[in-house]
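The residues making up each chain are set out below.
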Amino acid sequence: MAANDDLAQIDISTEEKDKLVAEVMRYALFKTHQTTGCPIKREELTQIITKNYRQRALPALVIKEAGDKLAATFGYEMRELQRTRAPSNRSARTSSQQLSNVDAKSYVLVSKLDPEVYSKYVEDKERAHVSGFAFVVISIVHVAGGKITEGWDRVSFTSHSREVLLFDGSEFCVNHVSEDLWHQLKRLGLNETDENHPLLGNNKQALELLVQQRYLLKEKIAGPEGHFMSYELAERALDESISSKLKEYISQVVGTSAGTAE
């Protein structure tokens, strides 16, 4: 009844509203597939809705219902991303520009299906290496304290534990995270200049994709010896669904490694 009252106030028929909801759902699904899970700006969804309609309250109504139907039909939550903070250490002008981008709402589709069901019917096994790369990079940054930069030198856990992450059969010991992210990735056989990796293709683009997907926040920082890049965990990597799995995995590896050492 409340939904019908809302439609009456907005002056749009149920059929018109349902058509807009279907268009938003279709766009969200295809955009997620085409951009490998990069966030969808609310502005993009609003443009679909307001192309032929000018009611101010309509976008919020349609986007909410599209989210509800994506969950009920496909098991996807259309989750709104929230920036933990704006990038710092920039000029006032740049910071202002960045803040305007940060304030823009965006969404990602997150599967709420049972992990076994998702793995069997939805997960693209041919892209498992991409997920593995993302997990390893996020793990490295997490172990470094949530942020890793050029010249970073930090000891994590205890000297008696040896944590090992695996990617493409290579070992990466993270009980001592030193220098920059590429220094660590090189130990996995991933060189910054490699544009033809057999699994990832262009390694720098693979890392940049994690920034676009909002797993990492990339920032240029001014230091005494010039500018350098910094990577830190962004909102998707800090989400409880990912951070809890990450911590559990790291705990298991540390426990296994410590037991082996004994």
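The structure we're discussing is the one just above.
Being a predicted model, the structure only gives us computed values, none of them experimental. (Residues numbered from 1 in each chain as written. Predicted model: local features only at pLDDT ≥ 70, side-chain atom pairs only at ≥ 80, totals over all residues. Heavy atoms only, no water.)

1. What about the pattern of salt bridges?
- Summed over all chains, the structure comprises ten salt bridges.
- The residue Lys-17 makes a salt bridge to Asp-18 at a minimum N-O spacing of 2.8 Å.
- We classify Lys-17 as buried; its relative accessible area is 8%.
- Residue Arg-214 is joined to Glu-235 by a salt bridge in which the shortest nitrogen-to-oxygen separation is 2.5 Å. Of the two residues, Arg-214 sits in the loop between helix H9 (203–212) and strand E9 (216–223) while Glu-235 sits in helix H10 (residues 235–238), which places them 21 residues apart along the sequence. Summarising the burial analysis for this pair, Arg-214 and Glu-235 share the class buried. (Salt bridge = Lys/Arg side-chain N within 4 Å of Asp/Glu carboxyl O. Buried < 20%, exposed > 50% of the residue type's maximum accessible area, 1.4 Å probe, protein only. Helix = DSSP H or I, 4+ residues; strand = E, 2+ residues; numbered from the N terminus.)

2. Focus: the sheet that holds E9
- Read from one edge of the open sheet, three strands run E4-E10-E9, paired in antiparallel fashion. Strands at the two margins of the open sheet, each flanked by one partner only, are strand E4 (147–149) and E9. Across this sheet, the average inter-strand angle for adjacent strands is 25°, counted without regard to direction.
- Direction of pairing for E4 relative to strand E10 (residues 226–233): antiparallel, over a ladder of three bridges. Residue pairing for E10: Thr-149 is matched across the bridge by Ser-230.
- Packed on one face of the sheet, helix H7 (residues 128–143) meets E4, E9 and E10 and runs near 105° to E10.
- On top of the sheet, H9 reaches E9 and E10; it is set at about 105° to E9, its chief contact. (Pairing = 2+ DSSP bridges. Axes fitted to C-alpha atoms, helices over the stretch in contact; angles between N-to-C directions. Contact = heavy atoms within 4.5 Å.)

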